[in-house]
Amino acid sequence: MAGYAGTFLRINLSTGQIDKESLDLELAAKFIGGRGLASYFLTQEVDPDVEPLDPANKLIVATGPLTGSRAPTGGRYMVVTKSPLSGTIASSNSGGFWGAELKRAGYDFIIIEGKSDKPCYIHINDDTVEIRDAGKYWGKLVGETTDLLLEDTGDPKARVLTIGPAGEKLSLLAAIMNDKYRAAGRSGVGAVMGSKNLKAIVARGTGKLKPAREDECKSVVKNALKKIRENDVTSKGLPTYGTSVLVNVINESGIYPTNNFQESYFPTADKTSGETLAEKYLVRNVACFACPIACGRYSKVGEVEGEGPEYETIWSYGASCGVDDLEAIIKANNWCNEYGLDTISAGATIACAMELCQKGLVDPDEIDGPALEFGSGEAIVEWTRKMGESEGFGAKLALGSARLAEQYGAPELSMSVKKLELPAYDVRGIQGHGLQSATSNRGGCHVRGYLIAPEIIGLPEKLDPLSLEGKAVWVKIFQDLTAVIDSLGLCLFTSFALGADDYRDMFNAIAGQDLTTESLLQAGDRIWNLERMFNLNAGVGPEQDKLPRRLLAEPISSGPCKGHVHRLPELLPEYYKERGWDEKGLPTEEKLAQLEIA
């Protein structure tokens, strides 16, 4: 079937039952695919009150209708479950090649249920799907696991999705890795996979994916590629310096969080910039499936080599920890890849621990490793390893900054929203992006509506980052469009060059649909509200649409945004109104009926 494979897998690890079920294409079009369709199945099949690490929670790994297609960047997939870190719905995104391989094997997504009584992995080779013993791989790092599985399955063209020791040990910061270096990183999805004793999913597909309308597909894809190649961000900035091209841009804007958000400017940021990475440590660029941008970095420091680090990683281990040693950051990133850890939350949690120690709230006798001091490159490397092993004080770090700070009586020092650590932007100087962060359905996240694009970069137009005017409207549009992009199976970076009409045209041509731009964005709105309702039913209410106290009450001390705090209380009522919710932030019956999710 064009766009959709038309079949999904339901695998119960408790019973060993494997079922192939037909996809309702009308339902698929309503929620698009990927994030949207997986969220629909989660809300229908999982009690929002479930304990995230209980076998009753389900793990859904989903492609979109454009995954594996000719559409530029069509290699993305989503992992949707209930988050053990935040208690919200989790929907973590990853690139690489694994998603396209699953699609070519003939499956749109996999619903994983129950819990195996021993370590196992799932092997998919077109029509053949098996649950196999994974005892020999349990406890091994991501790189070795991947190599061994490819060797043991006898097909070097297969693709491997796996957890590392962090997921096995149920770290709430555990990621799911694929192709060794790509990560469905946020919300602790790796811990859910580990709780099911599921080590890996190996996929191999030989099917051919054809668009519904061949000539139309050629035309719209050609047009999209032209726009991507003519856009300065997607044709110059990202290919040349990767995502870390942002280091100097954000720092010079005075919104580069430093020392756990105590400051907003890092004087030696250039030592960790994309320019420095390219000059000293870059081996080659890396592209995901069907990607014309190739923003990935393959770097090397001594014997340590691999993909990364990305901008957010350079920040979380760099400025956030007061570290300007790029070699140490690369090594810490490598441990995250190997252990399967979310680099944003891992680095930000270490930064939180550093401030707790700085303020004398942690007994030095508890620190069974390098001193947790801002500026220590040794600390970020070794504590990442100890976090991956859940070793000593590292076991406390592995639960995230919110639980760590609360344990030591200073919850305000966790720079998180809904217990998910905020990424590399001081929102006191970017009002729209701060509103987006506070209202994100999965917590502190930048890729649910990247307002950095208009507020800092100037795409699709330049907005005053300190102004409140129109920001609620912009946030809703960006959140809805991002839900669409995630559900299609494309990379968010395409949105620097493409607009809603381009996504509509590619979806229609490849999947044989006839959606209008309005109906496509309405699908994004539907997905957003569906996620909101899951959170509400899980006990995550509007009172958690907030930012850390520091960002609301402590003005930025210097730089272009000196004196500013985030003005969330002024923006939230406008946002709720724009969403069609009541003044308390609850979707109304009329809104849900309009979106056909009542």
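Residues numbered from 1 in each chain as written. Predicted model: local features only at pLDDT ≥ 70, side-chain atom pairs only at ≥ 80, totals over all residues. Heavy atoms only, no water.

Description of the domain arrangement of the protein chain
- Splitting the protein chain by domain gives domain 1 (7-204), domain 2 (244-421) and domain 3 (427-496 + 516-594).
- Once you take the C-alpha centre of each, domain 1 and domain 3 turn out to be 28 Å apart.
- Taken together, the 35 residues of domain 1 in the interface contact 27 residues of domain 3.
- Carbon and sulfur atoms supply 62% of the area buried between domain 1 and domain 3, which totals about 2,500 Å² over both sides.
- It is Ile32, Arg35 and Ile89 in domain 1 that bury the most area against domain 3; as a group they hold 27% of the surface buried on that side.
- On the surface where domain 1 and domain 3 come into contact, there are two salt bridges. (Domains from an automatic or database assignment. Contact = heavy atoms within 4.5 Å. Buried area = accessible area lost by both parts, 1.4 Å probe. Salt bridge = Lys/Arg side-chain N within 4 Å of Asp/Glu carboxyl O.)

Points about the environment of glycine 242
- Along the polypeptide, glycine 242 turns up in the loop between α8 (232-241) and α9 (246-252).
- Glycine 242 gets classed as buried once you look at its relative accessible area, which sits at 0%.
- Taking the C-alpha atoms as reference, glycine 242 lies 31 Å from proline 84; in sequence the two are 158 residues apart.
- Glycine 242 has contacts with Gly237, Cys295 and Arg297, leaving out every residue within four places of it along the chain. (Helix = DSSP H or I, 4+ residues; strand = E, 2+ residues; numbered from the N terminus. Buried < 20%, exposed > 50% of the residue type's maximum accessible area, 1.4 Å probe, protein only.)

Observations regarding the environment of leucine 172
- Note on placement: leucine 172 falls in the loop between α5 (165-168) and β10 (176-178).
- Sequence spacing of leucine 172 and leucine 149 is 23 residues, and the spatial spacing of their C-alpha atoms is 25 Å.
- What leucine 172 contacts, discounting residues up to four positions off in sequence, is Pro84, Leu85, Ser187, Gly188, Ala398, Leu399 and Arg403.

A few points about a negative patch on the surface
- Among the surface-exposed residues, Asp47, Asp49, Glu51 and Asp54 lie close enough to one another that they form a single negatively charged patch.
- Considering the arrangement of structural elements, one finds aspartate 49 in the loop between α2 (34-45) and β3 (59-63).
- For aspartate 49, a relative accessible area of 53% gives the class exposed. (Patch = residues over 30% accessible without salt bridge, like charges linked within 9 Å, V, L, I, M, F, W, Y side chains within 5 Å. Areas by Shrake-Rupley, 256 points an atom, 1.4 Å probe, with all protein chains shown as cover. Lys, Arg positive; Asp, Glu negative; His and termini not counted. Charge placed at Lys NZ, Arg CZ, Asp CG, Glu CD.)

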